[in-house]
Amino acid sequence: MARLHAPKALHRTRLAQSQVTDAWGQQSMNTTQPSIAVLGCGGWGKNIIRTMAKVHGVAAVVDPSDAGAALAAELAPDAAVHRTPDAVMDDPSIDAVMIATPAETHFELASRAIAAGKHVYVEKPLTTELGHARELVRLADEAGRVLMVGHLLEYHPAILKLRELIDSGELGKVRYIISNRLNLGKIRTEENALWSFAPHDIAVILRLVGSDPIQVVCTGGCYVSPNIADTTVTQLLFDDGVRAHVFVSWLHPFKEQMLVVVGSEKMASFNDITKELVLHDQRVDFDEGRPVPIKGEGTHVEFDTTMPLDAECLHFVDAVRNGVTPRTDGRNGLRVLSILSAAQRSLMLNGVPVTTETGGIAHVEEGTPIRGSFRREAKAPATV
Ligand SMILES: NC(=O)c1ccc[n+]([C@@H]2O[C@H](COP(=O)([O-])OP(=O)(O)OC[C@H]3O[C@@H](n4cnc5c(N)ncnc54)[C@H](O)[C@@H]3O)[C@@H](O)[C@H]2O)c1
């Protein structure tokens, strides 16, 4: 039978062991590892708990369901398991919370955690309303707390490699990006396929293009549940003529997760199912004024084999410990959300182009120190 309430001593031991000795032989409080709780041990939360338990440690888990609580106790045997968030919110020894609960609960839980002085990681989508996302960014700024969003693909080594190829000029000017995320997968009844899948694709496209779209067009179809789109196609237009489209569906006969970047000199594709990143030496040249396709070879590009979720969890720990802006911070989540909201408006208007409201969302560079009192008071060395 799984144990649901681990003795606090186990948690304290982990904190004590995680302190390091500095060059002068003293225990350095600045390097004390943050104590992290996870809210939600469902379909995705279980992956976060398993990963965090492996790469860092989980101090506590909250899940109101019997199944979630029992699974949490198995995945993180050192963690205290609670049924309501109060135990974590009221516990001053918890530095940070990771929220992997249904999207409609994100705002309430994240705002509560920030008010309780915690650093916060929220699974995508940051919130279900744009106004709530703005509010979370404001609250985190005011409190001097880390606010990070789980845009997992931004930690994928293949995507980082693709960014390198684009930044080095290998592809020439980026012209067009295609992102397909298709499967006969988990069919949700509260949020549509756009909100469930497309945050990942939009986050990556924004990063690869390096700017925000000026216009969004989205169409889709609802077949399983009334007014819940099972399949959507979203087109993004950027002000330098770059275009992108995101096709997501949970009504598809096979799994496809394919990203294609078409540049003026070369093209690149990343297949997240076969894990192949290919640089295609293909372009269009002109011969006496006539366009001629040049069909060169494709070359496989190697990339690091780090698991994206390992990298994402460690990035959050580092951001909390060092008091710096994470790569996928609240502003990043807000930008993605503003595009999702525009796409949703266009979807409801059956594809009428919608202008995005991304203006005014300032970008903060990854690694920028977070203003305000970052580290909570140093803990006394634990005794067990
Ligand atoms: N990054 C990714 O690739 C990825 C993949 C899937 C889902 N997600 C996201 O993760 C989040 C959760 O999705 P899921 O598929 O795991 O959902 P789920 O319904 O399978 O699990 C949610 C869990 O949260 C628990 N829960 C509900 N309210 C709670 C509360 N107030 N406090 C603590 N626990 C609570 C539920 O009991 C359940 O166990 C969503 O935001 C989803 O979009 C991300």
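Because the structure is predicted, anything quoted here is derived from the model rather than measured.

Caption draft 1: Main features of the sheet that holds strand β6 (residues 96-99). Read from one edge of the open sheet, six strands run β5-β4-β3-β6-β7-β8, paired in parallel fashion. The open sheet has two edge strands with one neighbour each: β5 (80-82) and β8 (147-150). Within the sheet, the average angular offset between the axes of one strand and its neighbour, ignoring direction, is 15°. For strand β3 (residues 36-39) and strand β4 (residues 60-62), the ladder comprises three bridges, and the chain directions are parallel. Note that in β4 the partner of Leu-39 across the bridge is Val-62. Relative to β8, helix α9 (residues 308-322) is tilted by about 175°, and along the sheet it contacts β6, β7 (119-123) and β8.

Caption draft 2: Layout of the site of the ligand. As a matter of local geometry, the ligand sits amid 24 residues, with Gly-40, Gly-42, Gly-43, Trp-44 and Gly-68 nearest to it. Tallied by class, residues from the shell around the ligand come to eleven nonpolar, ten polar and three charged.

Caption draft 3: Representation of the environment of His-300. The topology assignment puts His-300 in strand β16 (residues 290-300). For the pair formed by His-300 and His-280, sequence separation is 20 residues and the distance between their alpha carbons is 8.8 Å. Setting aside its immediate chain neighbours within four residues, His-300 contacts Glu-276 and Val-278.

Caption draft 4: A look at the pairing of β3. Judged by which residues are buried, β3 turns out to be covered on both faces: Ile-36 and Val-38 on one side and Ala-37 and Leu-39 on the other are all buried. Looking at chain direction, β3 and β6 are connected through four bridges and run parallel. Paired with Leu-39 across the strands is Ile-99, a residue of β6. Note on the crossover from β3 through helix α2 (residues 45-55) to β4: the handedness is right-handed.

Criteria and thresholds
- Residues numbered from 1 in each chain as written.
- Predicted model: local features only at pLDDT ≥ 70, side-chain atom pairs only at ≥ 80, totals over all residues.
- Pairing = 2+ DSSP bridges.
- Helix = DSSP H or I, 4+ residues; strand = E, 2+ residues; numbered from the N terminus.
- Axes fitted to C-alpha atoms, helices over the stretch in contact; angles between N-to-C directions.
- Contact = placed C-beta atoms within 7 Å.
- Near = placed C-beta within 6 Å.
- Nonpolar A, V, L, I, M, F, W, Y, C, P; charged D, E, K, R; others polar.
- Buried ≥ 20, exposed ≤ 12 C-beta atoms within 10 Å, placed from the backbone.
- Right-handed = clockwise from strand over helix to strand, strands pointing away.

On their own, these measurements won't tell you what the molecule is for.
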